[in-house]
Amino acid sequence: MFRKDYIVRQFEEFGKFIALVFGLKTDSKFSEMEELINASAAKFTNIEIEIAEKLQNKVLIQLLTENYGLKEANLKMLGDLLYEKGISYSKLFKEDKAENAFTKALIIFEFIKENSLEIDFSLDMHFKMTSLKQMLDK
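Throughout what follows, the structure given in this document is the object of discussion.

**A short note on the packing of helix α4 (residues 60-67) against helix α6 (residues 95-115)**
Thought 1: With their axes 10 Å apart at the nearest point, α4 and α6 run at an angle of 70° to one another. The pairing of α4 with α6 is recorded here as roughly perpendicular in orientation. The handedness of the crossing between α4 and α6 comes out as right-handed. Judged by residue contacts, L60, I61 and L64 of α4 engage K104, I107, I108 and F111 from α6.
Thought 2: Considering only residue class, the contact of α4 with α6 consists of six nonpolar, no polar and one charged.

Structure below.
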């Protein structure tokens, strides 16, 4: 019961955090958005986002799940944060960093899609995957 309460609280906190990220994005405060994501990602995902950005794509999922112990919920949050950080990078004309963040987000979302029940796969994730594929020309 306590574990379930903890997970519910974590999702509620992440929802509030994402609302702050969206507010900064809406106000075109992309540098502040990037800083907020950098400062807070480990709280929700068990890994600093800068570390995740440096991991090799070929072993990304293996390292995230085995070395950092990320479960599906943490992976989903990390994918969302990488997606948003990629947007901030692109708005700040950091195209290489944007492509890296977008590629990692897509790898994570594809892993979740392949390894989750259909009911767990969200419309939001489907939209983001479609958008990522278009941005990455895949």
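On we go from here.
**What to know about unusual backbone geometry**
What you tend to see is this: most non-glycine residues have negative phi, and most peptide bonds are trans.
Thought 1: Its identity is not glycine, yet S28 carries a phi of approximately 55°, on the positive side.
Thought 2: Its location among the elements puts S28 in the loop between α1 (2-26) and α2 (30-45).
Thought 3: Located in the positive-phi region is N46, a residue other than glycine, with phi close to 70°.
Thought 4: Within the fold, N46 resides in the loop between α2 and α3 (49-54).

**Quick word on the nonpolar core**
Thought 1: Of all hydrophobic cores here, the largest spans 39 residues; its most connected members are F17, L64, L78, L81 and I108.
Thought 2: Where this core is concerned, the elements lending two or more residues are α1, α2, α3, α4, α5 (72-91), α6 and α7 (123-135).
Thought 3: Aside from chain neighbours lying at most four places away, what touches L81 is F14, F17, I18, I37, A41, T45 and I49.

**A closer look at α2**
Thought 1: Look at α2: 21 Å from first C-alpha to last across 16 residues, which is about the 22 Å you get at 1.5 Å a residue.
Thought 2: By the largest-angle criterion, A39 marks the main kink of α2, which is about 40°.
Thought 3: Those residues of α2 not exposed but buried are F30, M33, E34, I37, N38, S40, A41, F44 and T45.

What counts as what
Residues numbered from 1 in each chain as written. Predicted model: local features only at pLDDT ≥ 70, side-chain atom pairs only at ≥ 80, totals over all residues. Heavy atoms only, no water. Axes fitted to C-alpha atoms, helices over the stretch in contact; angles between N-to-C directions. Helix = DSSP H or I, 4+ residues; strand = E, 2+ residues; numbered from the N terminus. Parallel < 35°, antiparallel > 145°, perpendicular 65-115°, else oblique. Left-handed = near helix turned anticlockwise from the far one by under 90°. Contact = heavy atoms within 4.5 Å. Nonpolar A, V, L, I, M, F, W, Y, C, P; charged D, E, K, R; others polar. Core = buried A, V, L, I, M, F, W, Y, C linked by side-chain atoms within 4.5 Å. Buried < 20%, exposed > 50% of the residue type's maximum accessible area, 1.4 Å probe, protein only. Expected span 1.5 Å × (residues − 1). Bend = angle between axes of the 7 residues up to and from the residue.

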